[in-house]
Amino acid sequence: MAELKYDSKTGRLLFTKEMKKEYTILMPNMAPIHFNILQNVFNYYGYKSELLDTCGPEIAQTGLKYVHNDTCYPALLVIGQLIDALNTGKYDPNKTALMITQSGGGCRASNYIHLLRKALKKAGYPQVPVISLNLSRLEKNSGFKIRISMALKMLSAVIYGDLIMLLKNQVEPYEKNEGECKRLVQKWIDGISEMFRKGRGYSFGEMKKLLPEITKSFSEVPVKNIVKTKVSVVGEIYVKYSPLANNHLEEFLFDQGCEVMVPGLLGFFLFKVDNRLEDIKLYGGSKLKKIAMQFAIWYLTRIETTL
């Protein structure tokens, strides 16, 4: 078993290089299509990650057991899902790490990670390290580093995930052959993941070529000439996308004969980058960070407007 090491200043349990070799990283599942591609990206960089798709009322109850009930619903569910997975006995707590995102801003989502670590100690898992997935350098771990190529693949996973999700929701309610859209979704998840593994598919030029191919494949699905009620799902980002959080709302609406529209994640990324630029404008910051954020918003806007 890897030796446990702690940050000398904060006392935080670190995820080390030794842990990378033998630890399983559990990830909460927010947006199934996007996160399945992201999981494969992590695995191609040598991590052994697993996406949790568990549901049920016991997850919320587990969250309520270890997190104050005034804490927001997404935090209860994410923390509850992760601890519930450890409680099943399926994973060795001495060889398991957890991953959670940090937005890096003033949003409560930046603080989930601290609530999770506190909950782990209460639940009897103080030896389980928590990895922060963020692009703001909030926390560092020797065993987990985001390279530039990895960051580009993660961004591409969001773009591909947005398109596949939107096309699936537009076509599936009208498909003549039941299950054809779901099979097409899985085909593209596997295909894109394989391209990433080979070092392809994430440049601007490659995306510009591949995205129309994805669109064409869904346009070729035989559909019925019928009219259905269109329903848009909006709201808090985790609840909006997560089947666990919204009680499989998309599936319910689909079963009720509706066409569902859920907005993509790229708009959220644009908001977060613009928010960083506004912080620098109001409170100051390094020139390097400002240049990086300006490039990021230019790149994201270019993708959104060109593709």
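Calculation notes
- Residues numbered from 1 in each chain as written.
- Predicted model: local features only at pLDDT ≥ 70, side-chain atom pairs only at ≥ 80, totals over all residues.
- Heavy atoms only, no water.
- Axes fitted to C-alpha atoms, helices over the stretch in contact; angles between N-to-C directions.
- Helix = DSSP H or I, 4+ residues; strand = E, 2+ residues; numbered from the N terminus.
- Parallel < 35°, antiparallel > 145°, perpendicular 65-115°, else oblique.
- Contact = heavy atoms within 4.5 Å.
- Disulfide = S-S within 2.5 Å.
- Buried < 20%, exposed > 50% of the residue type's maximum accessible area, 1.4 Å probe, protein only.
- Lys, Arg positive; Asp, Glu negative; His and termini not counted.
- Salt bridge = Lys/Arg side-chain N within 4 Å of Asp/Glu carboxyl O.
- Pairing = 2+ DSSP bridges.
- Core = buried A, V, L, I, M, F, W, Y, C linked by side-chain atoms within 4.5 Å.

K.L.:
Any chance you could explain the packing of helix α3 (residues 57–66) against helix α4 (residues 73–87) here in plain terms?
P.N.:
For any two helices packed against each other, the geometry comes down to the angle between their axes and how far apart the axes lie. Remark: α3 packs on α4, axes separated minimally by 7 Å, with the N-to-C direction vectors making an angle of 100 degrees. Relative to α4, α3 is oriented roughly perpendicular. Facing Glu58, Ile59, Ala60, Thr62, Gly63, Leu64 and Tyr66 of α3, the residues of α4 in contact are Leu76, Leu77, Gly80, Gln81, Ile83, Asp84 and Asn87.

K.L.:
Looking at this structure, how should I read the state of the cysteines?
P.N.:
A disulfide bridge is the covalent bond that connects two cysteines by way of their sulfur atoms. Within this structure, the stated rule accounts for 0 disulfides. Here Cys181 stays unpaired: no disulfide links it, and the sulfur of Cys258, its closest cysteine neighbor, is 16 Å away. The buried category is assigned to Cys181, whose relative accessible area is 0%.

K.L.:
What should I look at first to understand unusual backbone geometry in this one?
P.N.:
What is expected of a backbone is that most residues other than glycine have negative phi and most peptide bonds are trans. You will see that Asn247, though not glycine, has its phi angle at about 55 degrees, which is positive. Relative to the assigned elements, Asn247 resides in the loop between α9 (237–241) and α10 (249–255). Backbone geometry at His248 places phi at a positive 55 degrees, although glycine is not the residue there. In this structure, His248 sits in the loop between α9 and α10. By relative accessible area, which is 31% here, His248 ends up partly exposed.

K.L.:
Honestly, the side chain of Lys240 in this entry has me stumped. Any pointers?
P.N.:
Within the secondary structure, Lys240 is located in helix α9. Buried and unpaired, Lys240 has Glu236 as its nearest opposite-charge partner, separated by 8.3 Å. Not counting the four nearest positions on each side in its chain, Lys240 is found in contact with Val233, Val234, Gly235, Asn246, Val262 and Pro263.

K.L.:
Is there a simple way to explain the sheet that holds strand β1 (residues 24–28) in this structure?
P.N.:
Strand-to-strand pairing in sheets goes through backbone hydrogen bonds, with the strands running parallel or antiparallel. Sheet architecture is open: 4 strands sit in the order β2-β1-β3-β4, paired in parallel fashion. Strand pairing shows two members of the sheet lacking a second neighbour, β2 (48–52) and β4 (130–133), which therefore form its edges. Across the sheet, the mean angle from the axis of one strand to that of its neighbour is 30 degrees, orientation sign disregarded. Direction of pairing for strand β3 (residues 96–101) relative to β4: parallel, over a ladder of 4 bridges. Among the inter-strand pairings, Leu98 is bridged to a residue of β4, identified as Val130.

K.L.:
Can you walk me through the nonpolar core in this structure?
P.N.:
A general trend in soluble globular proteins is that nonpolar side chains are found buried together. In this structure, Ile192, Ile214 and Phe218 are the most contacted members of the largest nonpolar core, which totals 96 residues. Counting residues per element, this core draws most heavily on helix α6 (residues 148–171), which supplies 12 residues. Residues in contact with Ile214, not counting those within four places in the same chain, are Tyr160, Leu163, Ile164, Leu167, Trp188 and Ile192.

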